[in-house]
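Structural overview for review
The residues making up each chain are set out below.
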Amino acid sequence: MEVVVVKDAREAGRLAASAVTALLARTPDAVLGLATGSSPLPLYDELARRSTEEGLDLSRATAFALDEYVGLRRDHPASYRSVIRREFSERVTIDPARVHTPDGLAGDLVASCAAYEDAIRDAGGIDLQILGLGADGHIGFNEPGSSLASRTRIKTLTEQTRRDNARFFSSLSEVPHHVVTQGVGTIMDARHVVLLAGGAAKAQAVHGLVEGPVTAMCVGSVLQFHPHTTVIVDEAAASAL
Ligand code: GLP
């Protein structure tokens, strides 16, 4: 695991964008894993800038989002489908038909989770997975106690995560209780993981991720076993290291 301490979110975004740019230069049909939350937003801003100003070409790339709320209408502004469209797909040259999010409205959620796993596998697996980090150490929506070998499945959010994410909704009661998320095992299959975390609220989670014991109580710590993970943090998030 490589830990890079940067000065601010913008620098973090630039560094992560350089990893994406280098990958696309080598592999124009790369498969990206996309995260939501606020941490990756500077990365998407930088990819949008490079697309417009420097001709960064994502037209042959494919992308899979990490997770989605269950039961939230697709066009709700906080659905991860909407977020990925707004922040990423509509600002770069990727073919929108090649950008996938788990279906939180499927009639048969279990079958739909299995189909999502198949789609990732059929695309050749994820070359570069972007990740954020929950204050409790979660990655994707794999809350504390998640199986470290899990695949895409339904999870129940903790109250802390619902509260943390309430800022994207008009009230806490509107935040769904259930989500579909790629599993920890799914994330571990990505060939390169780039995790972004900033701010003092993430310091304990970053400590657990980098220096803690590998434990399902801080799910991100499993990345200590991943062969190629880059952790990009600002000084506040690195303050407990
Ligand atoms: C949500 C997402 C995670 C994200 C986390 C942290 O729970 N499902 O993928 O990492 O939020 O979000 P933020 O970057 O806004 O702190």
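Under the annotation held in an unreviewed UniProt entry, the protein chain carries the name Glucosamine-6-phosphate deaminase and is attributed to Sinomonas flava. Here the protein chain is described in UniProt, under the heading Function (unreviewed entry), as follows: "Catalyzes the reversible isomerization-deamination of glucosamine 6-phosphate (GlcN6P) to form fructose 6-phosphate (Fru6P) and ammonium ion." In UniProt, the protein chain has this text filed under Pathway (unreviewed entry): "Amino-sugar metabolism; N-acetylneuraminate degradation; D-fructose 6-phosphate from N-acetylneuraminate: step 5/5."

**A short note on the UniProt feature "domain: Glucosamine/galactosamine-6-phosphate isomerase" (unreviewed entry) in the protein chain**
Per the UniProt annotation, the sites labelled "domain: Glucosamine/galactosamine-6-phosphate isomerase" (unreviewed entry) are residues 10-212. Here residues 10-212 runs as 36% helix and 15% strand, with 27 Å between its end C-alpha atoms.

**As for the site of the ligand**
Around the ligand, the surrounding shell holds 14 residues, and the nearest of these are Ala35, Gly37, Ser38, Ser39 and Gly132. Residues that form the shell around the ligand fall into these classes: four nonpolar, nine polar and one charged.

**So, the UniProt feature "site: Part of the allosteric site" (unreviewed entry) in the protein chain**
In the numbering used here, UniProt assigns the "site: Part of the allosteric site" (unreviewed entry) feature to Ser146, Arg153, Lys155 and Thr156. Arg153 sits in the buried class, given 22 other C-beta atoms within 10 Å. If near-sequence neighbours (up to four positions away) are discounted, Arg153 is found in contact with Cys113 and Gly183. Counting through the fold element by element, Thr156 comes out in strand S7 (residues 153-156).

**A closer look at the pairing of strand S2 (residues 31-34)**
Neither face of S2 is exposed, since Val31 and Gly33 on one face and Leu32 and Leu34 on the opposite face are all buried. Of the strand pairs in this sheet, S2 and strand S3 (residues 62-65) are connected by four bridges, and their pairing is parallel. The partner of Leu34 across the bridge, within S3, is Ala65. Once the chain exits S2 it traverses helix H2 (residues 41-54) before rejoining the sheet at S3, and the crossover so formed is right-handed.

**Digging into helix H1 (residues 9-26)**
With 18 residues, H1 should cover 26 Å at 1.5 Å per step; its first-to-last C-alpha distance of 26 Å lies within 8% of that length. Of the residues making up H1, those classed as buried are Ala9, Ala12, Gly13, Ala16, Ala17, Val20 and Leu24. One side of H1 holds all its buried residues, which, seen down the axis, span an arc of 125 degrees. Exposed residues pointing more than 90 degrees away from the buried face of H1 are listed as Ala22, Ala25 and Arg26.

**Looking at the nonpolar core**
Membership of the largest hydrophobic core comes to 64 residues, with the highest contact counts inside it found for Ala16, Leu34, Val194, Leu195, Val206 and Ile232. Here this core gets six residues from one element, more than from any other, and that element is H1. Among residues more than four places away in sequence, those in contact with Val194 are Ala16, Ala19, Leu128, Ile130, Leu131, Thr230 and Ile232.

What counts and what doesn't
Residues numbered from 1 in each chain as written. Predicted model: local features only at pLDDT ≥ 70, side-chain atom pairs only at ≥ 80, totals over all residues. UniProt positions renumbered as here; feature names shortened; annotations may be inferred. Helix = DSSP H or I, 4+ residues; strand = E, 2+ residues; numbered from the N terminus. Near = placed C-beta within 6 Å. Nonpolar A, V, L, I, M, F, W, Y, C, P; charged D, E, K, R; others polar. Buried ≥ 20, exposed ≤ 12 C-beta atoms within 10 Å, placed from the backbone. Contact = placed C-beta atoms within 7 Å. Pairing = 2+ DSSP bridges. Right-handed = clockwise from strand over helix to strand, strands pointing away. Expected span 1.5 Å × (residues − 1). Arc of directions from axis to C-beta. Core = buried A, V, L, I, M, F, W, Y, C linked by C-beta atoms within 7 Å.

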